[in-house]
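Given next are the chains, with one letter for each unit.
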Amino acid sequence: MKPFDVVVVGAGHAGCEAAAAAARLGKTVACVTFQRGHIGRLSCNPAIGGQAKGHLVRELDALGGWMARVTDRASIQFRHLNTRRGLAVRSSRAQVDVDRYPAEMAAALGRVENLTVIEGEVAAIATRGGRVTGVVLADGRQLESPVVILTTGTFLAGILHRGADQVEGGRIDDPAAHRLSRSLVDLGLRLGRLKTGTVPRVDGRTVRWDLTEAQGDTVPNGRFSFEATRPGRLPQVACHQIYTSEAVHAVIRSNLSRSPLASGAITGRGPRYCPSIEDKVTRFAERDRHLLYLEPEGLTTPRVYVNGLSTSLPQDVQAEMLRALPALADATVLQWGYAVEYDYADPTDLGPDLQHRSVPGLYLAGQINGTSGYEEAAVQGFVAGVSAATERVFHVERGQGYVGVLVDDLVGRGIGGEPYRMFTSRAEHRLLLREDNADRRLMPAGRALGLIDDATWAAFEDRQDDYARGRAFLCDTTVRTDPETVEAADQLGLGPLQRSVRAAELLRRPNATWANVAALAGAPDVDPEVGEALEIDFKYEGYIAQAQRRMAEAQRLEDIALPAHLDWATVPTLSREVRERLSRVRPTRLGELSRLPGITPAAVHAVVDLLARGV
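Quick caveat: nothing in here was measured; it's all calculated off a predicted structure.

Caption draft 1: Molecular detail of the pairing of strand S17 (residues 291–296). The pairing of strand S16 (residues 240–243) with S17 spans 4 bridges and is antiparallel. Directly across from Ile242, in S17, lies its bridge partner Leu292. Pairing between S17 and strand S18 (residues 303–307): 4 bridges, direction antiparallel. The residue bridging Pro296 from the neighbouring strand is Val304, located in S18.

This is the structure:
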């Protein structure tokens with residue numbers, strides 16, 4: 001077999017984005033996966049997006065990634081989250097068809113030139129002189145390549161737990177990669193253990209839907225992608241809510257000793273912000289109920305995902321828990337919940353391109369870096385794929401996008417011993433990093449890479465023109481107080497007009513929207529998404545200006561370069577711990593240095609003094 005430019009190990013969300021990006025940038029790519037039929041599989045919740053995760057999906061799309069496009073073609077429910085906190089921090093979430101999503105992703109990969117999907121198990125990373133030379137498969141085949149991107153998800157030395165039962169595997173119906181894990185240790189990678197879990201799936205035909213509450217506030221025409229053409233919508237479905245009760249909690253408390261978490265069978269730490277039901281009942285003992293969501297997994301399957309009931313308790317205990325929920329008392333269980341424990345590699349050993357500092361040519365992306373979530377994985381895959389293909393660091397600044405925040409946090413701060421999850425609170429400049437302006441922030445970079453097609457770019461330019469016309473209208477148009485206009489303003493809910501005002505000032509009123517201001521003052525026709533962006537920019541104009549000033553100040557610190565030749569071990573004004581940390585990580589900018597764990601403000605000031613002396 002001829003050598004490949006890039007070998008991607010794994011075909012989950014990180015692997016698909018890495019392989020697609022590298023191949024579309026002209027590299028010959030092999031994507032190795034256990035089962036071709038499991039490409040892009042949704043191992044846990046059949047949903048894309050969520051708080052801050054929706055931002056990542058929109059940013060990835062603006063850069064030329066695929067997750068948003070595939071999601072829009074598989075979406076069966078679209079919602080906006082965080083709406084009560086204002087348009088500026090709103091996030092989107094799509095429920096997707098569990099079968100349609102991977103089918104769409106596999107079809108998209110199949111249309112990419114230079115990309116070959118290979119079924120098999122990667123057993124070892126091949127190296128020569130410390131550099132990557134390819135991979136060795138379990139059946140003895142060798143794939144030669146100077147670049148390997150590991151996107152192994154939860155498969156590295158994976159063990160599935162349900163009560164006292166343990167089965168080797170990366171997820172249900174898939175094996176684990178034990179030999180590859182040992183190969184990484186032999187290469188000197190620092191591995192640890194993490195844990196995640198999933199919930200029971202029940203047959204929707206056996207659910208008492210009359211005892212549930214349907215979710216409202218859906219957005220039937222909502223979408224993630226900025227692509228020019230809108231795909232046809234699948235039929236939309238409702239998700240429902242129920243609550244646990246003291247009866248459910250009593251079942252859990254009386255069986256905690258049978259949990260592998262309590263017995264010590266699981267040593268890896270789980271995600272704090274997505275805990276198991278056992279954790280919830282223990283940690284929040286004062287609460288008499290917890291919210292659960294019943295989420296249909298697709299249009300052609302009766303499976304319903306019981307979101308919020310992640311558990312590793314034994315099967316008989318899970319059955320008792322479900323019987324204590326009135327809506328699920330007679331439900332047929334199609335898959336029991338379980339936990340999966342797996343190896344991850346310390347992400348602080350990576351550079352900003354996600355290449356390992358000690359093993360040139362080896363890139364890591366996704367849950368192998370200690371993250372949780374499809375969206376975080378996809379973004380990392382894209383960064384690794386682009387960096388590997390272009391042979392230079394593909395970097396997004398923290399002030400440009402959540403993509404930059406994610407990568408910067410991982411390689412600079414690490415995960416702190418628990419799976420990393422993206423939140424809006426992690427971004428210092430989150431008011432500037434909104435879903436609505438992701439294309440304005442990042443699509444020019446995607447176009448420069450060559451990953452934004454002509455039609456999508458033309459649509460972007462049309463939105464830019466719309467935005468300019470809408471902004472000019474708001475700034476230049478005066479709304480008069482003639483009787484007809486005053487009456488129309490009242491009917492549109494804009495409140496009283498006691499004097500003539502600029503349309504921009506009117507839009508800043510609490511109840512004003514672009515649509516009703518445009519209707520009152522005769523605005524030019526613009527794309528609805530552009531109108532919403534204008535509304536956000538004008539309503540939050542003062543806060544946005546303040547945030548931009550703060551970001552500019554932070555950027556001055558961020559951009560100060562550190563001498564590449566500096567021997568940190570010889571700097572006497574720094575503590576031994578700080579010198580060791582800087583010698584190992586070797587940050588290239590002062591902003592990167594300031595965010596490293598254990599780097600105190602005093603240490604930053606000492607480095608600034610060092611630079612001022614011209615060292």
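From this point, the narrative continues.
Caption draft 2: Region of interest: helix H18 (residues 541–558). Here H18 spans 25 Å end to end across 18 residues, near enough to the 26 Å set by a 1.5 Å rise per residue. For H18, the complete set of buried residues consists of Ile544, Ala547 and Glu558. Buried residues of H18, seen end-on, are gathered within an arc of 60° and therefore sit on one face of the element. In H18, the exposed residues that point more than 90 degrees away from the buried face are Gly542, Arg549 and Arg556. Those residues of H18 that are buried are in contact with helix H17 (528–539) and helix H20 (590–594).

Caption draft 3: Inspection of the nonpolar core at higher detail. Of all hydrophobic cores here, the largest spans 105 residues; its most connected members are Val7, Tyr101, Val135, Val148, Ile149, Leu150 and Phe382. With 10 residues, helix H10 (residues 374–390) is the single largest residue contributor to this core. Leu150 has contacts with Val9, Ile125, Leu180, Leu184, Leu362, Tyr363, Leu364, Ala365 and Ile368, leaving out every residue within four places of it along the chain. Judged by nonpolar contacts, the second largest core, of 24 residues, contains Val281, Leu309, Ala331 and Trp336.

Caption draft 4: How the structure looks around unusual backbone geometry. One non-glycine residue, Asn82, lies in the positive phi region at around 65°. Owing to a relative accessible area of 23%, Asn82 belongs among the partly exposed residues under this scheme. For Ala157, which is not glycine, the phi dihedral falls at a positive 50°. If you trace the backbone, Ala157 turns up in the loop between strand S10 (148–150) and strand S11 (159–162). The buried category is assigned to Ala157, whose relative accessible area is 11%.

Caption draft 5: Representation of the sheet that holds S18. If you trace the 6 strands from one edge of the open sheet to the other, you get S15-S16-S17-S18-S14-S19, paired in antiparallel fashion. Of all the strands in the sheet, just strand S15 (213–214) and strand S19 (333–335) have a single pairing partner and so form its edges.

Each value, and the rule that gives it
- Residue positions are given per chain, counted from 1 along the sequence in the order it is written.
- Reporting of local features is limited, given that this is a predicted model, to residues whose pLDDT is at least 70; pairs of side-chain atoms are given and counted only at 80 or more, and all residues count toward the totals for whole chains, interfaces and linings.
- Note that water and hydrogens are dropped before the side-chain values are worked out from all heavy atoms of the structure.
- Pairing between two strands is assigned when DSSP locates at least 2 bridges connecting them.
- Segments assigned H or I by DSSP are reported as helices when at least four residues long, segments assigned E as strands when at least two residues long, and all are numbered from the N terminus.
- Each residue after the first adds 1.5 Å to the expected span of a helix.
- Think of it in three bands: with a 1.4 Å probe and only protein chains considered, a residue is buried below 20% of the maximum accessible area for its type, exposed above 50%, and partly exposed in between.
- The arc in question is the one spanned by the directions pointing from the helix axis to the C-beta atoms.
- Contacts were defined at the residue level, with two residues in contact if any of their heavy atoms lie within 4.5 Å.
- In this text, buried Ala, Val, Leu, Ile, Met, Phe, Trp, Tyr and Cys residues form a nonpolar core when linked through side-chain atoms within 4.5 Å.

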